[in-house]
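# Survey of secondary and tertiary structure
Residue-level listing of the chains:
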Amino acid sequence: MQVYLVGGAVRDQLLGRPIKDKDFVVVGATVADMLAAGFQQVGADFPVFLHPVSREEYALARTERKQGLGYQGFSVHASPDVTLREDLQRRDLTVNAMAIEVKSLTDDMPITGKVVDYYGGLDDIENKTLRHVSSAFSEDPLRVLRTARFYGRYYDLGFSIADETLLLMRQLVSSGELAHLSSERIWQESSRAMMQVSPQVYWQQLFEIGALTEYFTPLHQVWSHAQYGQIREIVQTALYFAGQMQLNLSQRWALLMASLNTDLFALKPTNSNSDNIESDNTASNNIASNNIATAVKGISEIGNSAKVPKAQTQFATLFVQQAQKLSIIDQLSAAEKIDLIQACSAHKAPDKLSQLLVTSHVLKLAIQHRQMMLALGSFHAIGMDDIDHNLKGPAIGEALRQRRVEHLQAQPVL
């Protein structure tokens, strides 16, 4: 009998990342051996056991064969004759297919020892590449989401997805296999990806390979619309800021779902010095968006198809309904502020109002960032070749400035 630490714990130790969970594979053992050692069996489809003290998972070495659709369409073979190499071959990415041998079945020891690497995981960590272990990658559609999630998780380290793995991901999407994933697994992977430091990477990657069409159709429709290309970029930036500022899951989900209310990205600067304040009804009508109902419907549709928890759906719905008011708090009348308190139930849950305000601030920052990136682009787009070569002295700087202003004014807006 041999025991190996496998998967994420090995990968994250090599990357210098915190290790959250340890998974072990036991080679050469039977179910009876594990039970005799005091382990508790928990796996229904294949033998997985809980350590009697640490409660960490130990699985018998196993192989899998594709027999049906989706990620559940596999037959599992677990027996003492399955080797470690065979067990690791069924895993998704090379960086997840490494192992370290431990001394015994029950000892709780630090992670040390030589890394067993049959499939090039060490090289791929060195080269910062996410690469599939074998062609069996194409048998499990869940691996499309997992790979995108790992991409987001290690994006800050400079990782990228291998071209040949991206090709398999696209083929899986085209095959329609994603339709056979359970909604619960879709949300499990997506919510975990959303809480990474770079949550925008997951959604951008799924969009690029066409994987949003099945469970996130309204989002795909907006992001792929030629008129709303900037919305995707702004939301990606907002999600990046959300990761840096450690916003909670509801706030991050609300920022993603804000894509569905395109009016939020077409706000015009308001003259805060104006002394003319319209009546409450007129101001509310000006603020209200014709897209709110469509956005709310889209949030509900995604919530149902991807089994988004009620808390996240409700928060996102409230945000898209009130986002325009939240973005101009300092311009609201006293009556409008009281109405906003009522609409957000802030008198019962003041923390929710704080979270909504922070979410609104992050979205506004992303919009401002987009505007300034356009300005920076215009600045760099104009050089000496774009002005009169006969100009001298200060006239050169003024001519450059004027041409850059004109270039920026000509840029398309939402």
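Structure: see above.
Keep in mind the model is a prediction, meaning the values are calculated, not measured. Numbers given to residues run from 1 along each chain, matching the order in which its sequence is written. Confidence filtering applies because this is a predicted model: local features only for residues at pLDDT of at least 70, side-chain atom pairs given and counted only at 80 or more, and all residues used for totals across whole chains, interfaces and linings. Hydrogens and water are ignored here; the side-chain numbers use all heavy atoms of the structure.

## Brief notes about the side chain of Ser 259
Our working rule: For the purposes of this entry, the term helix denotes a DSSP run of H or I that reaches at least four residues, the term strand denotes a run of E that reaches at least two, and both are numbered from the N terminus. For the purposes of these results, a polar contact is taken to be a pair of N or O atoms within 3.5 Å, where, inside protein, one atom must be able to donate a hydrogen and its partner to accept one; residues adjacent in sequence count only when each atom of the pair is a side-chain atom. In what follows, residue pairs with any heavy atoms lying within 4.5 Å of each other are defined as contacts.
Of note, Ser 259 is situated in the loop between α11 (249-257) and α12 (280-287). A distance of 3.1 Å separates the side chain of Ser 259 from the side chain of Trp 223, its partner in a polar contact. Among the polar contacts listed, one links the side chain of Ser 259 to the backbone oxygen of Leu 256, at a separation of 2.8 Å. Setting aside chain neighbours within four positions, we find Ser 259 in contact with Leu 219, Val 222, Trp 223, Ile 231, Val 235 and Phe 265.

## Side note on the nonpolar core
We apply this condition: In these notes, a set of buried Ala, Val, Leu, Ile, Met, Phe, Trp, Tyr and Cys residues joined through side-chain atoms within 4.5 Å is what counts as a nonpolar core. Relative accessibility decides the category of a residue: with a 1.4 Å probe and only protein chains considered, values under 20% of the type maximum give buried, values over 50% give exposed, and everything between is partly exposed.
Formed by 95 residues in total, the largest nonpolar core has its most connected members in Trp 203, Phe 216, Trp 253, Leu 256 and Leu 363. Val 27, Val 82, Leu 88 and Tyr 119 belong to the second-largest nonpolar core, a separate cluster that totals 12 residues.

## Structural notes on the sheet that holds strand β2 (residues 23-27)
As a reminder, the rule being used: Note on pairing: two strands pair once DSSP finds at least 2 bridges between them. To obtain an axis, a line is fitted to C-alpha atoms, over the contacting stretch when the element is a helix, and the angle between two such axes runs from 0 to 180 degrees between their N-to-C directions.
One open sheet holds the 7 strands; their spatial order is β3-β4-β5-β2-β1-β8-β9, and the pairing between them is mixed. Each having just a single partner strand, β3 (40-41) and β9 (115-117) make up the two edges of the open sheet. Note: strand β1 (residues 2-6) against strand β8 (residues 98-102), 4 bridges, orientation antiparallel. Its bridge partner lying in β8, Tyr 4 is registered against Glu 101. Against the sheet, helix α1 (residues 8-15) contacts β1, β8 and β9, and its axis sits at roughly 55 degrees relative to β1.

## With respect to the environment of Gly 8
Turning to its location among the elements, Gly 8 is positioned in helix α1. Exposure remark for Gly 8: the relative accessible area of 23% places this residue in the partly exposed category. Distance from Gly 8 to Lys 22, taken between C-alpha atoms, is 7.4 Å for residues 14 residues apart in sequence.

## Notes on the pattern of salt bridges
For clarity, the cut-off: Think of a salt bridge as a Lys or Arg side-chain nitrogen and an Asp or Glu carboxyl oxygen that are within 4 Å of each other.
Counting across every chain of the model gives 13 salt bridges. In this structure, Arg 149 and Glu 189 form a salt bridge, with 2.6 Å as the shortest nitrogen-oxygen distance. In this pair, Arg 149 is assigned in helix α5 (residues 142-154) and Glu 189 in helix α7 (residues 183-194), connecting sequence segments 40 residues apart. Here Arg 149 and Glu 189 have matching classes, each one buried. In this structure, Glu 398 and Arg 401 form a salt bridge, with 3.9 Å as the shortest nitrogen-oxygen distance. Of this pair, Glu 398 and Arg 401 both sit in helix α17 (residues 394-409), 3 residues apart, roughly one helical turn.

## Describing the packing of aromatic side chains
Applicable threshold: Stacked, tilted and edge-to-face are the three classes assigned to paired rings of Phe, Tyr and Trp, where Trp is represented by its six-membered ring and a pair needs centres within 6.5 Å; plane angles under 30 degrees give stacked, over 60 edge-to-face, the rest tilted. Counted as over-ring charges are cases with an Arg CZ or a Lys NZ within 6 Å of the ring centre that also lie within 35 degrees of the ring normal.
Enumeration according to the criterion identifies 12 aromatic pairs in this entry. Both rings, one in Tyr 118 and one in Tyr 119, keep their centres 6.1 Å apart while their planes meet at 70 degrees; by these two values the pair is edge-to-face. The class of Tyr 118 is partly exposed, set by a relative accessible area of 33%. Here Phe 150 and Tyr 154 contribute two aromatic rings whose centre-to-centre distance is 6.4 Å and whose plane-to-plane angle is 5 degrees, an arrangement assigned as stacked. Of this pair, Phe 150 and Tyr 154 both sit in helix α5, 4 residues apart, roughly one helical turn. Residue Phe 150 shares its accessibility class with Tyr 154, and that shared class is buried. The residue whose ring lies beneath Arg 149 is Phe 150, and the NZ or CZ to ring-centre distance is 4.9 Å. A cation over an aromatic ring shows up here: Arg 404 above the ring of Phe 379, its NZ or CZ 3.8 Å from the ring centre.

## Section: the packing of α5 against helix α6 (residues 163-175)
Packed helices, taken two at a time, are described by the angle their axes make and the gap between the axes. Stated formally: Just so you know how the angles are binned, under 35 degrees is roughly parallel, over 145 roughly antiparallel, 65 to 115 roughly perpendicular, and the rest oblique. Handedness of each helix crossing follows the sense of rotation of the near helix against the far helix: counterclockwise by less than a right angle gives left-handed, clockwise gives right-handed.
Axis separation between α5 and α6 bottoms out at 9 Å; the angle between their running directions is 140 degrees. With respect to each other, α5 and α6 are oriented oblique. Seen along the crossing, α5 lies across α6 with a hand that is left-handed. Only Thr 165, Met 169, Leu 172 and Val 173 of α6 make contact with α5, whose side of the interface consists of Val 144, Thr 147 and Ala 148.

## With respect to the pairing of β2
For β2, the buried fraction is high: 4 of the 5 residues fall into the buried class. As judged from the 5 bridges shared by β1 and β2, these two strands associate in the antiparallel manner. Each residue of the ladder has a partner; that of Val 3, found in β2, is Val 26. Relative to strand β5 (residues 57-60), β2 runs parallel, the two sharing 4 bridges. Across the sheet, residue Phe 24 finds its bridge partner in β5, namely Tyr 58.

## Here we look at the environment of Leu 340
Its location among the elements puts Leu 340 in helix α15 (residues 334-343). Between the C-alpha atoms of Leu 340 and Leu 353, which are 13 residues apart in sequence, the distance is 9.3 Å. Non-local contacts of Leu 340, meaning those with residues more than four positions away in its chain, are made with Gln 322, Lys 325, Leu 326, Ile 329 and Leu 332.

## Observations regarding the packing of helix α16 (residues 350-381) against α17
Put simply, the rule is: All amino acids are sorted into three groups, where Ala, Val, Leu, Ile, Met, Phe, Trp, Tyr, Cys and Pro are nonpolar, Asp, Glu, Lys and Arg are charged, and the leftover types, Gly among them, are polar.
Running from N to C, α16 and α17 cross one another at 135 degrees; their axes reach a closest spacing of 8 Å. Classified by the interaxial angle, the pair formed by α16 and α17 is oblique. Between α16 and α17 lies a crossing of right-handed hand. Residue-level inspection shows Leu 374, Ala 375, Ser 378, Phe 379 and Ala 381 of α16 in contact with α17, the latter providing Arg 404, His 407 and Leu 408. Per-class residue counts for the contact of α16 with α17 are 5 nonpolar, 2 polar and 1 charged.

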